Amino acid sequence: MDWIQDDPGPRVLVKQAVVGFAAANCYIIADEESREAAVMDPGTGDPAEVQAIVAEVEALDLTLKYILNTHGHPDHMWGNDRLKRALGGEVLIHGLDGFKLTDPERNGSTLFGFSVHVRPADRFLSDGEVFEIGGVKLKVLHTPGHSSGGVAFLGDGIVFTGDTLFAGSIGRSDLPCS
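Here is a short report on the structure shown in this document.

Each value, and the rule that gives it
Residues numbered from 1 in each chain as written. Predicted model: local features only at pLDDT ≥ 70, side-chain atom pairs only at ≥ 80, totals over all residues. Heavy atoms only, no water. Helix = DSSP H or I, 4+ residues; strand = E, 2+ residues; numbered from the N terminus. Buried < 20%, exposed > 50% of the residue type's maximum accessible area, 1.4 Å probe, protein only. Contact = heavy atoms within 4.5 Å. Pairing = 2+ DSSP bridges. Axes fitted to C-alpha atoms, helices over the stretch in contact; angles between N-to-C directions. Parallel < 35°, antiparallel > 145°, perpendicular 65-115°, else oblique. Left-handed = near helix turned anticlockwise from the far one by under 90°. Nonpolar A, V, L, I, M, F, W, Y, C, P; charged D, E, K, R; others polar. Core = buried A, V, L, I, M, F, W, Y, C linked by side-chain atoms within 4.5 Å. Patch = residues over 30% accessible without salt bridge, like charges linked within 9 Å, V, L, I, M, F, W, Y side chains within 5 Å. Areas by Shrake-Rupley, 256 points an atom, 1.4 Å probe, with all protein chains shown as cover. Salt bridge = Lys/Arg side-chain N within 4 Å of Asp/Glu carboxyl O.

**Quick look at the overall build of the protein**
Argument step 1. The helix and strand tally for the protein stands at 4 helices and 13 strands.
Argument step 2. Considered along the principal axes of its C-alpha atoms, the protein spans approximately 40 × 35 × 30 Å.
Argument step 3. Of all 178 residues assigned to the protein, the portion counted as buried reaches 49%.
Argument step 4. Partitioning the intrachain contacts of the protein with sequence separation of at least 6 by distance along the chain shows that 56% fall at a separation of at least 24.

Okay, structure coming up:
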């Protein structure tokens, strides 16, 4: 798994890697001053990939504050429990997708021949909410379509869209488990 570093501006560290069976983007977002961090969309059932996320967070000397899910499909949340056991942090997801974390039928994993369920979220996000990772502020934008509780995270000079947008096209909105 290769990590690519983005440069959204001063103070913010963003690293991205592709994980899981559906090649989802997983991000580490950190405040370079406080060393607080979030991991967004750790959607892998592969323990080795989760360990690679853990290793990168540790190598960067970060403290995990949040595990963020842009929505409740398995390719975005499958690694939540392993990551939380290894590094701590609160699991955050929009309230309309919270039930998907614990229900394989409703999160769509059974469509792919899996039965993915993770622990419930620690807290639900809502549209317009602003939260901080150290001094880095992210605003929650509710973006239903791909999933009823899909969100994007807007920061200063950067936006993380989950599956709301796909590169070169709009995001997918035809799944039965939306």
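**Considering the sheet that holds strand 9 (residues 136-142)**
Argument step 1. With respect to topology, 4 strands assemble into an open sheet ordered 8-9-10-11, the strand pairing being antiparallel. Every other strand in the sheet has two partners, leaving strand 8 (130-133) and strand 11 (158-160) as the edge strands with one partner each. On average, adjacent strands in this sheet sit at an angle of 30 degrees to one another, irrespective of strand direction.
Argument step 2. Pairing analysis gives 3 bridges linking strand 10 (residues 151-155) to strand 11, with the strands arranged antiparallel. In the strand pairing of strand 11, glycine 155 is matched with isoleucine 158.

**A few points about the packing of helix 1 (residues 47-59) against helix 3 (residues 80-87)**
Argument step 1. The interhelical angle for the contact between helix 1 and helix 3, taken along N-to-C directions, is 40 degrees, at an axis separation of 10 Å. Here helix 3 runs oblique to helix 1, going by the angle between their axes. Classified by chirality, the crossing of helix 3 by helix 1 is right-handed. Taken together, the residues of helix 3 that come into contact with helix 1 (itself represented by Pro47, Val50, Ile53, Val54, Val57 and Glu58) are Arg82, Leu83, Ala86 and Leu87.
Argument step 2. Residues belonging to the contact of helix 1 with helix 3 are distributed by class as follows: 8 nonpolar, no polar and 2 charged.

**Describing the nonpolar core**
Argument step 1. By size, the foremost hydrophobic cluster in this structure holds 25 residues, and its most contacted members are Val39, Leu62, Leu83 and Leu101.
Argument step 2. Broken down by secondary-structure element, the contributors of at least two residues to this core are strand 2 (12-19), strand 3 (24-31), strand 4 (36-40), helix 1, strand 5 (63-68) and strand 6 (90-94).
Argument step 3. Looking at which element gives the most residues to this core, the answer is helix 1, with 4 residues.
Argument step 4. Leucine 62 has contacts with Ile28, Ala30, Arg35, Ala37 and Val57, leaving out every residue within four places of it along the chain.
Argument step 5. Grouped together as the second largest cluster of nonpolar side chains are 19 residues, Tyr66, Leu138, Val140 and Ile158 included.

**Some points on a nonpolar patch on the surface**
Argument step 1. Together, Phe21, Leu111 and Phe112 make up a nonpolar patch on the protein surface, roughly 320 Å² of accessible area in all.
Argument step 2. Relative to the assigned elements, phenylalanine 21 resides in the loop between strand 2 and strand 3.

**Side note on the pairing of strand 9**
It is a general feature of regular strands that their side chains alternate between the two faces of the sheet.
Argument step 1. The sheet contact formed by strand 8 and strand 9 spans 4 bridges and is antiparallel. Paired with glutamate 132 across the bridge in strand 9 is lysine 137.
Argument step 2. Taken together, strand 8 and the strand that follows it, strand 9, pair antiparallel across an intervening segment of 2 residues, in which glycine 134 is found at a positive phi of about 60 degrees.
Argument step 3. Pairing analysis gives 4 bridges linking strand 9 to strand 10, with the strands arranged antiparallel. When the sheet's bridge partners are listed, valine 140 is paired in strand 10 with phenylalanine 153.

**Section: the sheet that holds strand 7 (residues 123-125)**
Argument step 1. Spatially, 7 strands are ordered 1-2-3-4-5-6-7 in an open sheet, and the strand pairing comes out mixed. Strands with a single pairing partner mark the edges of an open sheet, and in this sheet they are strand 1 (4-6) and strand 7. Ignoring strand direction, the axes of neighbouring strands in this sheet form an average angle of 25 degrees.
Argument step 2. Pairing of strand 3 with strand 4 involves 4 bridges; the strand directions are antiparallel.

As far as function goes, none of this settles anything; it's purely spatial.
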